[in-house]
Amino acid sequence: MASIVRTWVVFSLFLGVFLAEIGICISAKVHIVYMGSATGEDPDGGLNRHHQMLAAVHGGSIEKAQASHVYSYRHGFRGFAAKLSEDQASQIAKMPGVISVFPNTKRRLHTTHSWDFMGLTGVEATEIPGYSTRNQVDVIVGFIDTGIWPESPSFSDTDMPPVPARWKGKCQSGEGFNSSSCNRKVIGARYYVSGYEAEEDSTLAVSFRSPRDSSGHGSHTASIAAGRYVANMNYEGLAAGGARGGAPMARIAVYKTCWDSAPQGDYFDDAISIGSFHAVSHGILVVSSVGNEGFKGSATNLAPWMITVAASSTDRDFTSDIVMGDGTNFTGVSLSLTGMDASARIISASEANAGYFTPYQSSYCLDTSLNGTKATGKILVCRHAEGSTESKLAKAEIVKKAGGVGMILIDEADKDVAVPFKIPSAIVGTVTGDNVLSYINNTSNPTAKILHAKTVLGSRPAPRVATFSSKGPNSLTPEILKPDVTAPGLNILAAWSPAAVGNMQFNILSGTSMACPHITGIATLIKAVHPSWSPSAIKSAIMTTATILNKKHRPITVDPGRRRANAFDYGSGFVNPRRVLEPGLIYDLQPEDYKTYLCSIHYDEKSIRLITGDKSTCNETLPTVSDLNYPSITVTNLKDNFSVKRTVTNVGKPSIYQAIVSAPRGINVTVVPNQLIFNSYGQKMNFTVHFQVAAPKKGYGFGFLCWKNGKTQVTSPLVVRVRSSEKGLMR
């Protein structure tokens, strides 16, 4: 097993991991019983122990224990999954050797010009100027997602060398998928379905009981990170051109755990945190998406040992022009391939209310809410308050069913996500929507014409943080900034599953799931050039070289209102792959540092030893959680003065670095020493950042610390919140 995990360098997590394999029990729910680090015990011995533990909560019945048992974990960590009632779960949680017991939860999938937009050139090698990344053929990227469509041209193995001899993975056969479905590109594929079936109606059909992708999401994300060059990738003629992933010659291993499309709990009550902790402990980098909730404090995947990625735009948009009867033009977002040949009457959907629906309800184009007599032959202006693409598509179907010939959809969240409507349609924001409604209300015979979608480059400042991308602060440990970085995730073209909706080879999707594989691809290139770098070194290189400026050299903004973005939106900033291979300095961390971190947030020695599988102690703790050697610095409760320590490692030539500080408003920041002199590669130096309240401000303030040496800049976000004043309180 050790040789296998050393082979896997990057793991990309787009959704929940470890959906447990399980059976069926009417009054119980699947729970994960987590028992810490793998110890190499005999598999049969581990299974027998799990059955005994389950028998203890089933009145001593081995038969009931076996029926409730689903799966035993023995590779990355120890534990098992089983159907348990709340009382049974509580009993097992108290047993010796058990760290945590938590319900198996379903997570939403955090749903390519983008590489050119980021400055990467080349077809197959995706070279970064000045470096050779050809060793990416020795890097294996693992995807935990909805599977893969191996016949896609994005996963061709033409001209690829043989599979690395040290690879010991498996190509698991199943429905529509056999060992020959793997090749020199997709070198491993497995699927895990029992957990899903135990949680859902067992009579429901599951598409492809195999690693084959029936939803398209897994193929899409894998091709973004590591897809081969495809000469004419397009979506029904839109966005046509050559496209490839970030590391097109890297190998792919697929793990299909997601069969269907909350604040995070404690680190070790969360399957992703657990799996990623053990992966990083074995030298495997883990990349995850921050989520698609879009509001402050909604960030997920919060553990400091993985990279958490936000979503932003590129400079490419898919738009439909809306021509009003008075000659006014508006622009909406759309993937609708059909346009109108002539203008038609346009009305607010509220004017077409049917039956018991009020005009307000009908304005949202709810099912059966539209009067066909009033809607037939007209363009309807509908409102939309939900987040899903499916609900937007459904509104177009409702309009079509009522006889409408087109739709303008006012997206109250202004998410800018393009959708493939089946009738001429365009999505607009609230400002444009109000202008359209004003035209309707002030015109005796209002008309409009919606044109088909087109591809537009450079029409707006980019990148912009996407509206849907989840934001900080970190709800679990505020001293750790999340997200870490942002990457393209809005309207991304990539491979697709022909078995999914639309019967297409390629599709355009939006989500932090699309941003995540961009960072995965970049991390793969770093590993190809610097194979000895640790996961935290790679993470540091990505974070400290990111930019907070758009392509016009102005501060990055956030859709929809174009407010100035901050570290809670983009972490360290927008990834800059042309700089990541030469970061100058890195903030390194080893597995022992994460153990010290856990001690510092009040895990006891017993729990730490169970987690790590060794004799770890909590003799050492961090002075504060903010002192974890993280590439960003967050102080959440500043009163008067506070100091944070960091250590940087030189990964460049002998150099002298000077500290440059942009302090958060109302805070004085000094760095001691303010100059670092490195004489050799690998040399480490310590420094301290002192914070002092000068003029207290409410909420968080944002700034940065930059170590500069000529053109090399090593930048860390500074995030500070001053403790609330106690003035006026009785003592």
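Residues numbered from 1 in each chain as written. Predicted model: local features only at pLDDT ≥ 70, side-chain atom pairs only at ≥ 80, totals over all residues. Heavy atoms only, no water.

### Focus: the sheet that holds strand 4 (residues 77–84)
Stage number 1. Taken in spatial order, the four strands of this open sheet run 3-4-2-5, and their pairing is antiparallel. The outermost strands of the open sheet, each flanked by one partner alone, are strand 3 (69–73) and strand 5 (100–103). Across the sheet, the mean angle separating the axes of adjacent strands is 20 degrees when strand polarity is ignored.
Stage number 2. Of the pairings in the sheet, the one linking strand 2 (residues 29–37) to strand 5 comprises four bridges and is antiparallel in character. Of the residues in strand 5, the one forming a bridge with Tyr34 is Ser100.
Stage number 3. Against the sheet, helix 4 (residues 86–93) contacts strand 2, strand 4 and strand 5, and its axis sits at roughly 155 degrees relative to strand 4.
Stage number 4. The strands touched by helix 8 (residues 271–281) are strand 2, strand 4 and strand 5; relative to strand 2, the strand with the most contacts, the crossing angle is about 25 degrees. (Pairing = 2+ DSSP bridges. Helix = DSSP H or I, 4+ residues; strand = E, 2+ residues; numbered from the N terminus. Axes fitted to C-alpha atoms, helices over the stretch in contact; angles between N-to-C directions. Contact = heavy atoms within 4.5 Å.)

### Here's the deal with helix 17 (residues 605–612)
The α-helix advances 3.6 residues per turn, and as a result positions three or four apart in sequence lie on the same side.
Stage number 1. The set of residues buried in helix 17 consists of Ile608, Leu610, Ile611 and Thr612.
Stage number 2. Immediately downstream of helix 17, the backbone of Gly613 shows phi near 75 degrees, a positive value. (Buried < 20%, exposed > 50% of the residue type's maximum accessible area, 1.4 Å probe, protein only.)

### Here we look at the nonpolar core
Stage number 1. Of all hydrophobic cores here, the largest spans 58 residues; its most connected members are Ile519, Ile526 and Ile542.
Stage number 2. In this structure Ile526 touches Trp533, Ile538, Ala541, Ile542, Val580 and Leu581, once residues within four positions along its chain are discounted.
Stage number 3. If you look at the next biggest cluster of nonpolar residues, it comprises 40 residues, including Leu238, Leu380, Ile427 and Leu493. (Core = buried A, V, L, I, M, F, W, Y, C linked by side-chain atoms within 4.5 Å.)

### Description of the packing of helix 8 against helix 16 (residues 591–600)
To characterise two packed helices, one gives the angle between the axes of the helices and the distance between these axes.
Stage number 1. With their axes 9 Å apart at the nearest point, helix 8 and helix 16 run at an angle of 140 degrees to one another. Taken together, the axes of helix 8 and helix 16 are oblique relative to one another. The residues of helix 16 that touch helix 8, namely those facing Phe277, Val280 and Ser281, are Pro591, Tyr594 and Leu598.
Stage number 2. Broken down by class, the residue content of the contact of helix 8 with helix 16 amounts to five nonpolar, one polar and no charged. (Parallel < 35°, antiparallel > 145°, perpendicular 65-115°, else oblique. Nonpolar A, V, L, I, M, F, W, Y, C, P; charged D, E, K, R; others polar.)

### Description of the state of the cysteines
Put plainly, a disulfide is one covalent bond tying together the sulfur atoms of two cysteines.
Stage number 1. Using the criterion set out here, one finds three disulfides in the structure.
Stage number 2. Each sulfur of the disulfide joining Cys171 and Cys182 lies 2.0 Å from the other. Residues Cys171 and Cys182 are joined through a disulfide that is right-handed, its torsion about the S-S bond being 90 degrees. Of this pair, Cys171 sits in the loop between strand 6 (140–145) and strand 7 (186–191) while Cys182 is found in the loop between strand 6 and strand 7, placing the two residues eleven residues apart along the sequence.
Stage number 3. On the accessibility criterion, Cys182 (14% relative accessible area) is buried.
Stage number 4. For the protein chain, numbering the cysteines in disulfides from first to last along the sequence yields the connectivity 1-2, 3-4, 5-6. (Disulfide = S-S within 2.5 Å.)

### Quick word on unusual backbone geometry
Note: most peptide bonds trans; most residues except glycine with negative phi.
Stage number 1. Here Ala462 and Pro463 are connected by a cis peptide whose omega angle stands at 0 degrees.
Stage number 2. Within the secondary structure layout, Pro463 lies in the loop between strand 20 (454–457) and strand 21 (464–465).
Stage number 3. The residue after Gly472, namely Pro473, is reached through a cis peptide bond having omega 10 degrees.
Stage number 4. With respect to the helices and strands, the residue Pro473 is situated in the loop between strand 21 and strand 22 (485–488).

### Topic: the confidence of the model for the protein chain
Stage number 1. When pLDDT is averaged along the protein chain, the result is 86; 89% of the residues meet or exceed 70.
Stage number 2. Confidence drops under pLDDT 50 across residues 727–731; counting only partners more than four residues distant or on other chains, this segment forms one contact. (pLDDT = per-residue confidence, 0-100.)

### Some thoughts on the environment of Ile548
Stage number 1. Checked against the element boundaries, Ile548 lands in the loop between helix 14 (535–544) and strand 25 (557–558).
Stage number 2. When the C-alpha positions of Ile548 and Val575 are compared, they lie 9.2 Å apart, and in sequence the two are 27 residues distant.
Stage number 3. Contacts of Ile548, omitting those with residues within four sequence positions, involve Arg554, Pro555, Ile556, Tyr570, Ser572 and Gly573.

### Regarding the packing of aromatic side chains
When we look at a pair of aromatic rings, we describe it by the centre distance and by the angle of the planes.
Stage number 1. Enumeration according to the criterion identifies twelve aromatic pairs in this entry.
Stage number 2. On the basis of an interplanar angle of 90 degrees and a centroid distance of 5.2 Å, the ring pair of Phe568 and Phe702 is categorised as edge-to-face. One end of the pair, Phe568, is in helix 15 (residues 567–570); the other, Phe702, is in strand 34 (residues 700–709), and 134 residues separate them in sequence.
Stage number 3. An aromatic cluster is present here, built from Tyr71, Tyr73 and Tyr192 joined pairwise through their rings.
Stage number 4. Sitting over the ring of Trp149, Arg212 keeps its end group 4.4 Å from the ring centre.
Stage number 5. In this arrangement the basic side chain of Lys551 is found over the ring face of Phe117, its NZ or CZ atom lying 4.9 Å from the centre. (Phe/Tyr/Trp six-rings, centres within 6.5 Å; stacked < 30°, edge-to-face > 60°. Lys NZ or Arg CZ within 6 Å of the ring centre and 35° of its normal.)

### Observations concerning the sheet that holds strand 35 (residues 712–722)
Stage number 1. With mixed pairing, five strands are arranged side by side in an open sheet as 28-35-34-30-32. Unpaired on one side and paired on the other, strand 28 (633–638) and strand 32 (675–678) mark the two borders of the sheet. The mean inter-strand angle of the sheet, taken between neighbouring strand axes irrespective of direction, is 20 degrees.

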